[in-house]
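Structure assessment
The residues making up each chain are set out below.
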Amino acid sequence: MPKDGITPRAQDYSQWYLDIVRGADLADYAEVVRGCIVFKPTGYALWEAIQRGLDDRIKATGHMNAYFPLLIPKSFIMKEAEHVEGFAPELFEVTQIGANELPEPLVVRPTSETIIGYFYAKWIRSYRDLPLLINQWANVMRAEMRTRPFLRTAEFLWQEGHTVHVDEADAERETLMILHDVYADFVEKEMAVPVIKGLKTEKEKFPGALRSYCIEAMMQDGRALQAGTSHNLGQNFARAFNISYTDQNNTIQTAWTTSWGVSTRLIGALIMAHSDDEGLVVPPRLAPTQVVVVPIYKNDAEKSAVLGAVEQITAPWKGRLRFKIDDRENLTPGFKFNEWELKGVPVRVEVGPKDVEKGSVALARRDIPGKAGKSFVPQAGLAEHIERLLAEIQQSLYDRALKFRDDHTADVQTYDELKAQIERGFARCYWAGTTEDEKRIQDEVRATIRCIPLDQPGTGGTCVYTGKPATRQVIFARAY
RNA sequence: CGGGGCGUGGCUCAGCCUGGUAGAGCACAGCGUUUGGGACGCUGGGGUCGUGGGUUCAAAUCCCUCCGCCCCGACCA
C-alpha cells in the first residue's frame, strides 16, 4: 500500500523520486538560490556515510587529502582548450569585491584541475616527487539549466582526486585502480548497487581528458546514472600548467596526470536503485541508523515495563549496531512504523507488553515492506539475529538490483531493436560509428553511449548503426 | 535557452469566469481520551492573496509591467 504523498513509481517515476526526497526528509529546495538544495540532517548523514566509505578506500590506496581554493583565476580555466569549451557556459564568475571591480575575474571552481595543476607545477621537480597522490573533499558549482535534488544541482559536494605520474602506464594504472578498487568496490559493496565499468566514447569523455572511465548504474526506470568517473588526463593539463620533472637521466619530462570524482549524486543513485512506493530504502552497511526500536504500551505500568525491557534488549547492541529508540510520546506505533519505512531504516524492532511477557520481539525488514516482512523472534540472541538479517538485506538489495539490470538489458542487432530496447533499459550492441553517428542517434532517440564496457565478449560483430564490422560492444541508454 | 503551467496561512488547494474586503483539509499549540500498521474530540494561533502600476465608490477577482517557481525539451556529475 503506497503511502500518502508518495506517487507510485509506475505512475510517475520522476515525481516519485521527488516525493521520496521530501518524504524521507533528505533535502529541501533552496528556493531562494536557484538550482541549489539544502542537505537536511537525514540527507547529510547519508553523504557522511558515503564519504566515510570512499575516504577509507582513497586512503587505503595511498592518497592523502588536501584542500585548494574555491576561487580560480579565470585565465586558468582558459588554458586547456577542451576544458574551456566544456565548462565555460556553466561558470559562476566573481568580478567584484565590495564596490571594487577585480582586475582579473575569478570563477567558482566547476572542478579543480586547473588550480591544482598550477600548484603541482610548483611542487614537482624530480621523478622522486612522483607519483603525487592527492584527493580533496569540496563543493563545486556549475550553472546547470535544469536541476533535480542530488542528481544535478548548481552546487554539489564531491571528492576530486588529482594525481601526477611519470608516464602514461602509471597514470593509466592509477585511473583504472580508482575505478575498480575505490569506486566500483564502494558502490557495489556498500551501496549494493551493481555497476558496469567502462570507457567513455570521445563524445562523452571529460573535457581535456585523454580517456575517461566510468561506472554506470541502472535506475528503476531503466535509465543510466553515471555514478563515478576516473580520467587519464594524459599530458594535456601538464602541458597547460607546465607540470614537469627531471628524470633519472637528468632530462626534463612532461608529467602525466589523472583526476577522478564522485559526488552527492550518489545519494540520488541510492534512492533510485533501491527505494519503493513506501519510501526510501537504505542498504544496511551504509545506513546511519540500521535499527529502530519502537516501544508499544497503553498505560504507565506497561510503559515502564516495556521501556525497561527495551533498555535490556538494546544494552548489548552498543558499539555493534547503529540503532535508535523511538520513545516519542503522542505518536501511535502505526504512525512510527510508517515514518521509519518512509525514512528507509533497514530493520525495525517492536517491543510491546506481549513481547515483555513472552520474551520476544517483532522484527520487520525494510526490504520487504508491510506485514510480509515482519516476524516474531526471541529476545535471546537478538543482536546476532539482527546482524545476520542486516547482512541478508544487504545481499538481497544487491541481488535484486542486479536482477533488475539483467532483466532490463538486451543485446540488439538493428537500429530498430535499439530504439525499442532503450525504452526498457540498456541496449548492448556492437559499435563502429563515429562521434557524428552518436550525435545523430542522440538527436533521434535521446539515448547515448553510456560506456564501452571493460568486459567484452572478445568476438567481433556488426555495428548496430553503420552495419560495418565492429570489434567492441557498447551500452546505449537514456541517462540522468 | 525554447515550449507549457502556476504564484492565496507552514503544506496542498478552493475562491477569480460574473469585483463587495478570505475559506477548506492537512500541519502547528493547549487540554482530555487514545496507542500491536498513518487515533479522536474540544479550543486556539496563523494570510496586507508574488511585485509595481492602472481601471473602479470598491480588486485575490478585471487590465498592463516586472519577479519567482515548477514541469517538458536541448546542455551536463
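Everything below is about the structure shown above.
The notes below deal with the structure included here. (Residues numbered from 1 in each chain as written. Chains lettered and ligands numbered in written order. Predicted model: local features only at pLDDT ≥ 70, side-chain atom pairs only at ≥ 80, totals over all residues. Heavy atoms only, no water.)

1. Concerning the overall build of chain A
The number of helices and strands found in chain A is 14 helices and 25 strands. Relative to a compact globule of 480 residues, whose C-alpha radius of gyration would be 23 Å, chain A shows 25 Å and is just as compact. Across its three principal directions, the C-alpha atoms of chain A cover 80 × 55 × 50 Å. Looking at chain A as a whole, 54% of its 480 residues qualify as buried. Across chain A, the fraction of contacts at a sequence separation of at least 24, relative to all contacts at a separation of at least 6, is 70%. A total of about 21500 Å² of accessible surface is found on chain A, and carbon and sulfur atoms cover 51% of it. (Helix = DSSP H or I, 4+ residues; strand = E, 2+ residues; numbered from the N terminus. Rg over C-alpha atoms; globule rule 2.2 N^0.38 Å. Buried < 20%, exposed > 50% of the residue type's maximum accessible area, 1.4 Å probe, protein only. Contact = heavy atoms within 4.5 Å. Areas by Shrake-Rupley, 256 points an atom, 1.4 Å probe, with all protein chains shown as cover.)

2. Overview of the pairing of strand S25 (residues 472–477)
Among the 6 residues that make up S25, 5 are buried, leaving the element largely enclosed by the rest of the structure. Inspection of the sheet shows strand S21 (residues 426–431) paired to S25 by 5 bridges, in the antiparallel sense. In the sheet register, Tyr-430 faces S25, and the bridge partner there is Gln-473. In terms of strand pairing, strand S22 (residues 448–453) meets S25 through 3 bridges, oriented antiparallel. Pairing of Ile-449 across the sheet is with Phe-476, part of S25. (Pairing = 2+ DSSP bridges.)

3. Concerning empty space enclosed by the protein
Applying the stated criterion to the full structure yields 3 cavities of 30 Å³ or more. Taken as a whole, the largest cavity encloses approximately 80 Å³ of empty space. Glu-113, Ile-116, Gly-117, Tyr-120, His-162, Thr-163, Leu-233, Phe-237, Ile-243, Thr-257 and Thr-258 together form the lining of the largest cavity. Secondary structure elements with two or more residues in the lining of the largest cavity: helix H5 (113–123), strand S8 (155–165) and strand S14 (256–263). Per element, the largest residue contribution to the lining of the largest cavity is 4 residues, and it comes from H5. Every residue lining the second largest cavity is listed: Val-292, Trp-340, Glu-341, Val-345, Pro-346, Val-347, Arg-348, Ala-364, Arg-365 and Arg-366. Elements supplying a minimum of two residues to the lining of the second largest cavity: helix H10 (333–343), strand S17 (347–351) and strand S18 (360–365). (1 Å grid on protein atoms, 1.4 Å probe; cavity = no way out; pocket = protein on both sides within 12 Å on 5 of 7 lines; lining within 4 Å. Points joined across faces, edges and corners; volume = space filled by probe spheres on them.)

4. Overview of the sheet that holds S25
Strand order in the open sheet made by the 11 strands is S3-S7-S8-S14-S11-S10-S9-S22-S25-S21-S20, with mixed pairing throughout. Each end of this open sheet is capped by a strand with a single partner; those strands are strand S3 (64–65) and strand S20 (409–411). Note: strand S9 (residues 196–199) against strand S10 (residues 211–218), 4 bridges, orientation antiparallel. Paired with Lys-197 across the bridge in S10 is Ile-215. Packed onto the sheet, H5 meets strand S7 (132–141), S8, strand S11 (224–234) and S14 and runs at close to 150° relative to S7. Its contacts with the sheet place helix H8 (residues 265–274) against S11 and S14, and it is angled at close to 145° to S11. (Axes fitted to C-alpha atoms, helices over the stretch in contact; angles between N-to-C directions.)

5. A look at the sheet that holds strand S19 (residues 374–378)
Judged by pairing direction, the sheet is mixed, and its 5 strands sit side by side in the order S16-S15-S17-S18-S19 without closing on themselves. At either end of the open sheet lies a strand with only one pairing partner, and these are strand S16 (323–325) and S19. Pairs of neighbouring strands in the sheet enclose a mean axial angle of 25°, with direction left out of account. Two elements, strand S15 (residues 291–295) and S17, share 5 bridges in a ladder whose sense is parallel. Within the sheet, the bridge partner assigned to Val-291 lies in S17 and is Val-347. Those strands touched by H10 are S15, S16, S17 and S19, and its axis lies near 170° from that of S15. On top of the sheet, helix H12 (residues 382–407) reaches S15, S17, S18 and S19; it is set at about 10° to S18, its chief contact.

6. Here we look at the protein's contact with RNA strand B
Of all residues adjacent to RNA strand B, which total 41 residues, the nearest are Arg-146, Arg-152, Thr-153, Arg-265 and Asp-355. The protein-proximal atoms of RNA strand B, defined as those within 4 Å of the protein, are 47% sugar or phosphate. Here a phosphate oxygen of RNA strand B and a side-chain polar atom of Thr-332 are 2.6 Å apart. Between RNA strand B and Arg-446, the relevant distance is 3.5 Å, taken from a phosphate oxygen to a side-chain nitrogen or oxygen of the residue. Listing elements by their share of the surface near RNA strand B, those giving two or more residues are helix H1 (13–23), H10, S17 and helix H11 (353–358). Here the element with the most residues in the surface near RNA strand B is H10; it accounts for 6 residues. (Near = heavy atom within 4 Å. Polar contact = N/O pair within 3.5 Å; in protein donor to acceptor, adjacent residues only side chain to side chain.)

7. Details of the environment of Pro-8
Note on placement: Pro-8 falls in the segment before H1. For the pair Pro-8 and Ala-470, spaced 462 residues apart in sequence, the C-alpha separation works out to 41 Å.

8. A word on the state of the cysteines
By the definition in use, this model includes 0 disulfides. No disulfide involves Cys-214; its sulfur sits 4.6 Å from that of Cys-451, the nearest cysteine. Residue classification places Cys-214 among the buried residues on the basis of a relative accessible area of 0%. The thiol of Cys-463 is not disulfide-bonded; the next cysteine sulfur, from Cys-429, is found 7.3 Å away. (Disulfide = S-S within 2.5 Å.)

9. A look at a nonpolar patch on the surface
Where nonpolar side chains cluster on the molecular surface, the patch consists of Tyr-67, Leu-70 and Leu-71 and spans about 270 Å² of accessible area. With respect to the secondary-structure elements, Tyr-67 resides in the loop between S3 and strand S4 (71–73). Residue Tyr-67 is classed as exposed on the basis of its relative accessible area, which comes to 52%. (Patch = residues over 30% accessible without salt bridge, like charges linked within 9 Å, V, L, I, M, F, W, Y side chains within 5 Å. Salt bridge = Lys/Arg side-chain N within 4 Å of Asp/Glu carboxyl O.)

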